[in-house]
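# Structural overview for review
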Amino acid sequence: MSEKSIPEIISEFKEESHQVAQNSQELKTASIDIKNKILSFEKTLQEEHRRTKQKKEALMESFD
């Protein structure tokens, strides 16, 4: 097993560093996408809650 030269070590480090940076960016993008989807789902749930509440109130009024 031969020892690596300093330029080889630096080259490997740069490549690994680049891969880590790329993976980090992909994770950041995925995280933003997930956050946006959660916010959209939350908005949908709030709207459905509002509609259900209105329907319940209308139904309750019809019984009075």
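Residues numbered from 1 in each chain as written. Predicted model: local features only at pLDDT ≥ 70, side-chain atom pairs only at ≥ 80, totals over all residues. Heavy atoms only, no water.

Here we take up the overall build of the protein. Along its length, the protein carries 1 helix and 0 strands. At 27 Å, the protein has a C-alpha radius of gyration far larger than the 11 Å of a compact globule built from 64 residues. Principal axes of the C-alpha set define a box for the protein whose edges measure 90 × 20 × 5 Å. The distance from the centre of the 11 positive side-chain charges to the centre of the 13 negative ones in the protein is 9 Å. (Helix = DSSP H or I, 4+ residues; strand = E, 2+ residues; numbered from the N terminus. Rg over C-alpha atoms; globule rule 2.2 N^0.38 Å. Lys, Arg positive; Asp, Glu negative; His and termini not counted. Charge placed at Lys NZ, Arg CZ, Asp CG, Glu CD.)

Per the counting criterion, the structure on display carries 5 salt bridges. Residue K37 pairs with D33 through a salt bridge whose shortest N-O separation is 3.4 Å. Taken as a pair, K37 and D33 lie in helix α1 (residues 6-63) at a separation of 4 residues, close to a single helical turn. Residue E47 is joined to R50 by a salt bridge in which the shortest nitrogen-to-oxygen separation is 2.3 Å. With E47 and R50 both in helix α1, this residue pair falls 3 residues apart, about one helical turn. (Salt bridge = Lys/Arg side-chain N within 4 Å of Asp/Glu carboxyl O.)

Let's shift gears to a nonpolar patch on the surface. A cluster of nonpolar residues, L59, M60 and F63, forms a patch on the protein surface that exposes about 350 Å² of accessible area. With respect to the helices, strands and loops of the structure, M60 is situated in helix α1. For M60, a relative accessible area of 46% translates into the label partly exposed. (Patch = residues over 30% accessible without salt bridge, like charges linked within 9 Å, V, L, I, M, F, W, Y side chains within 5 Å. Areas by Shrake-Rupley, 256 points an atom, 1.4 Å probe, with all protein chains shown as cover. Buried < 20%, exposed > 50% of the residue type's maximum accessible area, 1.4 Å probe, protein only.)

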